[in-house]
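The residues making up each chain are set out below.
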Amino acid sequence: MTQTQPTQDELKALVAAAALAEVVTGELVGVGTGSTVDRFIDALAGIRHKVAGAVSSSERSTARLRGHGIRVFEANEITALPVYIDGADEIDGGGCMIKGGGAALTREKIVADLAARFVCIADESKRVQTLGAYPLPVEVVAMASAQIIRRFAAMGGTATLRPGLLTDNGHPILDVRGLSIQDPLAMETEINQWPGVVTVGLFARHRASLCLLGTARGVQRLVF
Ligand code: 5RP
């Protein structure tokens, strides 16, 4: 008998459901952004009476949470979160990630910073040996974009403005191709120093402590 392989959407739904076990009863949960997180929010709706509410990383997730009757708190209203749940564009063997494909990287890093644990939910296509095949998103202040593009060129990367996009914070995003990211923490630290960089989509300082990876064989738990 031939077995059909799960689709990427099915794997996203699988890890989204598995992430419910990471939510702490009676507490707030930090919620990321993206198509995998959309599935998580839909699953969270089923246990909404068990959580105090959510802190959201985007207007998109806020609208979806509220649509399900889940109370959304501002980041400034709270001091700490037990867990933050979000997807990734790439994740390496140390839990470092590229994020920002959905343009929410700045608020994602802010909410992740409030959380004791970052649980990444992703299908297996996101698991890589070395970060950088996915273009690195960088949110920038518009007047600094040309200088930042030159800095990336000096590093061997080609940065282009994402057309027609401003983030929830009103800034453009550069997507940087051609980087081979051997030391994510060092690169994040370096890019963070450049004037005009709002947020680099490297999550090394805020790496995942757990990844629930959706595979054809089920959910794999990668603990970092
Ligand atoms: C949004 C993100 C997302 O987590 C990332 O793009 C993955 O999205 P998806 O779950 O749709 O594959 O960083 O800014």
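None of the values given here were measured: they were computed from a predicted structure.

Section: the site of the ligand
Step number 1: In the region of the ligand, 17 residues are neighbours, and Ser35, Thr36, Asp89, Gly100 and Lys126 sit closest.
Step number 2: Between the ligand and Gly87, the relevant distance is 3.3 Å, taken from an oxygen atom to a main-chain nitrogen or oxygen of the residue.
Step number 3: Lys99 places a polar side-chain atom, nitrogen or oxygen, 2.9 Å from an oxygen atom of the ligand.
Step number 4: Notes on the ligand: free accessible area 380 Å², of which the protein chains cover 91%.
Step number 5: A molecule is said to occupy a pocket when more than half its atoms come within 2 Å of that pocket's grid points, and by this definition the ligand occupies the second largest pocket.
Step number 6: For the shell around the ligand, the residue count by class is 3 nonpolar, 8 polar and 6 charged.

A closer look at helix α2 (residues 35–45)
Step number 1: Those residues of α2 lying buried are Thr36, Val37, Asp38, Phe40, Ile41, Leu44 and Ala45.
Step number 2: Buried-residue contacts for α2 involve α1 (8–18), β1 (28–31), α3 (59–67), β4 (81–86) and β7 (115–123).

Digging into the layout of surface pockets
Step number 1: By volume, the largest pocket amounts to about 250 Å³.
Step number 2: Along the wall of the largest pocket there are 13 residues; nearest its centre are Ser56, Thr62, Glu74, Ala75 and Arg107.
Step number 3: Contributions of two or more residues to the lining of the largest pocket are made by α3, β3 (72–73) and α4 (105–114).
Step number 4: Considered class by class, the residues forming the lining of the largest pocket number 5 nonpolar, 4 polar and 4 charged.
Step number 5: Computed from the structure, the second largest pocket encloses a volume of approximately 180 Å³.

Here is what the cut-offs are and how they apply
Every chain is numbered independently, its residues counted from 1 as its sequence is written. Totals for whole chains, interfaces and linings use every residue, but because this is a predicted model, local features are given only for residues with pLDDT of at least 70 and side-chain atom pairs only at 80 or more, for both listing and counting. Only heavy atoms go into the side-chain values, all of them from the structure, while hydrogens and water stay out. The criterion for a residue being near a molecule or strand is simple. One of its heavy atoms has to lie within 4 Å of it. Between N or O atoms, a polar contact is any pair within 3.5 Å; within protein, one atom must be a potential hydrogen donor and the other a potential acceptor, and residues adjacent in sequence are included only when both atoms are from side chains. Calculation of accessible area relied on Shrake-Rupley with a 1.4 Å probe; when residues are assessed, cover is drawn exclusively from the protein chains displayed. Here a cavity means grid points, on a 1 Å grid over the protein atoms only, where a 1.4 Å probe fits yet cannot get out; a pocket means an open set of points with protein on both sides within 12 Å along at least five of seven lines; lining residues are those with an atom within 4 Å of a point. Assignment to a cavity or pocket requires that more than half of a molecule's atoms be within 2 Å of the site's grid points. Each residue is assigned to one class: nonpolar for Ala, Val, Leu, Ile, Met, Phe, Trp, Tyr, Cys and Pro, charged for Asp, Glu, Lys and Arg, and polar for all the others, Gly among them. We call a residue buried when its accessible area falls under 20% of the maximum for its residue type, exposed when it is over 50%, and partly exposed in between, using a 1.4 Å probe and counting protein chains only. Only DSSP runs of H or I with at least four residues qualify as helices, and only runs of E with at least two residues qualify as strands; both kinds are numbered from the N terminus onward. Any two residues whose heavy atoms approach within 4.5 Å are treated as being in contact. Grid points are joined across faces, edges and corners, and a volume is the space filled by probe spheres set on the points.

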